Amino acid sequence: MQTKRPGGVLSNRPLHFIWILDVSGSMEGDKIQSLNYAIRNSIPAMKSVADENPNAEVLVRCITFGNEVKWHIGTAVNVADFEWQDVQAGGMTPMGKAMNLLADQLKIPPMTDRALPPVLVLITDGQPTDDFNTGYQSLMQESWAKKAVRLGIAMGEDADSTVIEKFIGNKEIKPLVAHNSDQLVNFIKWASTAVVKAASSPASQLEGETTTGNVPVGSMPDVTDVSQNVVW
Amino acid sequence: MWQIVAESVQSANHPLNQDASKYFIPKDRDHVVIAVADGHGSKKCFRSDIGSKFAVEVLIKNFRHYFSRKIFDNLLTGFSGTKEIMAKTIHRQWLEKVKIHLNSNPFTPEEELIDAKVLKNQVISYGTTLLGALITKDYIIYLQLGDGDILVLNDNVVTRPIPKDENLIANETYSLCDPQAESYFKFCYQPIIGQFPDLILLSTDGYSNSFPNDQEFQKTALDYHNLYKEEGLDFIRKNISGWLKDTTINGSGDDLTTILVFKEIQNESTIKGEANITD
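Here goes a summary of the coordinates provided. (Residues numbered from 1 in each chain as written. Chains lettered and ligands numbered in written order. Predicted model: local features only at pLDDT ≥ 70, side-chain atom pairs only at ≥ 80, totals over all residues.)

## As for the interface of chain A and chain B
As a measure of interface size, the accessible area lost when the parts come together is often cited.
In step 1: Listed by partner, the interface residues are 30 residues for chain A and 41 residues for chain B.
In step 2: It is helix H4 (residues 143–147) of chain A that contributes the most residues to the side of chain A that touches chain B, three residues altogether.
In step 3: Here the residues of the side of chain A that touches chain B sort into 11 nonpolar, 12 polar and seven charged.
In step 4: Pairing analysis gives two bridges linking strand E7 (residues 205–206) of chain A to strand E8 (residues 172–173) of chain B, with the strands arranged parallel. Pairing of Leu206 of chain A across the sheet is with Thr173 of chain B, part of E8 of chain B. (Contact = placed C-beta atoms within 7 Å. Helix = DSSP H or I, 4+ residues; strand = E, 2+ residues; numbered from the N terminus. Nonpolar A, V, L, I, M, F, W, Y, C, P; charged D, E, K, R; others polar. Pairing = 2+ DSSP bridges.)

Listed below in structure tokens is the structure:
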């Protein structure tokens, strides 16, 4: 007698996955091409992971910071319908403003209290050219930012690892430094599959048990593999 | 005076059901005690199915003890000290049960390797929430530690005697395995003025997390009450397992446990096959 099931309409739980991408001038050329390729390349695997857990609705968005800080993809798109739109490089690195923009969307509302922990992935090749700390503080005032799984990928050695570590806020999760396109693909795939899978688990965690979010992200990808050419 | 339905379904994503529930109705039926617990089920809490069973046992025992000694009578004022003592007692007795179990069942070599922090503080592996109620003719006491939901239906209006804790998002919860657990207990003492509630619903968070918002979830209380009036209790008992399975499959994907206490409707058949659960 399914038609008499008590309660309103059912819904799986939203899992917000947000790329925060540095598209400043220093990303021009090979880096921005590699970034576009890596994200596009990760989508099929991300869709597969989402298919494996129908109780989570993986919703993807993207912020870019360069000439301007904006939502490159502002409407949360179900990963099943997600198509990557290439980003273009140019301008400075206003990472602090990107944190502010992100903070606005992690408030309740528009977030709901029943969501799964969001996954926030910062990718940058440089250092902020604006007030990162103020933007970061604004971000971390939001409960969902504190509970999120925050990851950071550096494209090359010039990225400001201190800033990325601060964004991550968890000693157990190190910034992933990509030295070439293959490594970038590997890291982005890990973030968009293994971490999404972990975040979509409904298992409860003890309040205050972890320093960032409450999702055990499992084994990090191998960051020591620099056997290939160091391009960046 | 009261009719009870209790049901629990396991998530397809979990190797075992980590929820637990228990209720007690004495022969003279002058009160009811209900309890639900949600074992965390995370990697660290690999014995939380046992922890949740201990939790409901301890709560039932305590509410029965307090009721039999009339400790809650006339407590509209001065409830504060009593609830603090009760929270401490429940926490202490749960810890004692866990320690006894650990002594008889030390970690296996496989369990010892799961997490170094849990190996040092093995109580964590039993982590669980707890919610329950003591329902009498004169008053109702609600208790909650951690996530989960308590809904009360009165004249088609659904209320929450214990408001949702806004700090508990992203699957985080307070737990009996926390050394400070007693400070996170929440209580509500509700004297019966006029009518007894039409329905009291307790559930683990897998239920409410299966709906897009609280409004859609709260319809469950209204719908159960209408089904009771229109179809009867046997209809609910026969179908509830299927409803809950449908709910978790198309909703949260979590274990899902609920206890429903209906105000008995006149001419409704007396409880059939209802087992009185005793310690």
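So, next bit.
## So, the environment of Asp30 of chain A
In step 1: Summarising the element assignment, Asp30 of chain A is placed in helix H1 (residues 30–52).
In step 2: Between the C-alpha atoms of Asp30 of chain A and Ser181 of chain A, which are 151 residues apart in sequence, the distance is 8.6 Å.

## A word on unusual backbone geometry
In step 1: The linkage connecting Ile108 of chain A with the following residue, Pro109 of chain A, adopts the cis geometry, with an omega of -20°.
In step 2: Turning to its location among the elements, Pro109 of chain A is positioned in the loop between helix H2 (95–105) and strand E4 (119–124).
In step 3: Despite not being glycine, Asp155 of chain B has its phi angle at roughly 50°, a positive value.
In step 4: Relative to the assigned elements, Asp155 of chain B resides in the loop between strand E6 (149–154) and strand E7 (157–159).
In step 5: Of note in this structure, Asn156 of chain B is not a glycine but carries a positive phi near 65°.
In step 6: Along the chain, the position of Asn156 of chain B falls in the loop between E6 and E7.

## Section: the sheet that holds strand E2 (residues 56–65) of chain A
Neighbouring strands of a sheet are bound in pairs by backbone hydrogen bonds; such pairs are parallel or else antiparallel.
Residues and elements named next belong to chain A.
In step 1: Reading across from one edge, E3-E2-E1-E4-E5-E6 is the order of the six strands in this open sheet, with mixed pairing throughout. With partners counted over all chains shown, the strands left at the sheet margins are strand E3 (69–78) and strand E6 (176–178), one partner each. Here the strands of the sheet are splayed against their neighbours by 15° on average, with no regard to which way each runs.
In step 2: Sheet analysis places strand E1 (residues 13–22) next to E2, joined by 10 bridges and oriented parallel. By the bridge assignment for E2, Arg13 is matched with Ala56. (Axes fitted to C-alpha atoms, helices over the stretch in contact; angles between N-to-C directions.)

## Observations regarding the pairing of E3 of chain A
Along a regular strand, successive side chains alternate from one face of the sheet to the other.
Residues and elements named next belong to chain A.
In step 1: Relative to E3, E2 is paired through six bridges, and the arrangement is antiparallel. By the bridge assignment for E3, Val60 is matched with Val77.
In step 2: Connecting the antiparallel pair E2 and E3 is a turn made up of three residues.

## Examining the packing of helix H1 (residues 48–68) of chain B against helix H2 (residues 79–104) of chain B
All names here are of chain B.
In step 1: Running from amino to carboxyl end, H1 crosses H2 at an angle of 140°, the nearest separation of the two axes being 9 Å. Our classification of the angle between H1 and H2 gives oblique. Taken as a pair, H1 and H2 cross one another with a handedness that is right-handed. Only Met86, Thr89, Ile90, Gln93, Trp94, Lys97, Val98 and His101 of H2 make contact with H1, whose side of the interface consists of Ile50, Gly51, Phe54, Ala55, Val58, Leu59, Asn62 and Tyr66.
In step 2: A class-by-class count of the residues in the contact of H1 with H2 yields 10 nonpolar, five polar and one charged. (Parallel < 35°, antiparallel > 145°, perpendicular 65-115°, else oblique. Left-handed = near helix turned anticlockwise from the far one by under 90°.)

## Some words on the sheet that holds strand E1 (residues 2–9) of chain B
Residue and element names in this part refer to chain B.
In step 1: Strand order in the open sheet made by the five strands is E1-E11-E10-E6-E7, with antiparallel pairing throughout. Each edge of the open sheet carries a strand with a single partner, namely E1 and E7. Going across the sheet, the axis of each strand differs from the next one's by a mean of 15°, ignoring polarity.
In step 2: Where E6 and E7 come together, three bridges link them in antiparallel fashion. Within E7, the residue paired with Asn154 across the bridge is Val157.
In step 3: Across the sheet, helix H6 (residues 214–230) lies against E6, E7, strand E10 (199–203) and strand E11 (256–263), angled at about 130° from E10, the strand it touches most.
In step 4: With respect to the sheet, helix H7 (residues 233–249) is in contact with E1 and E11, its orientation differing from that of E1 by roughly 30°.

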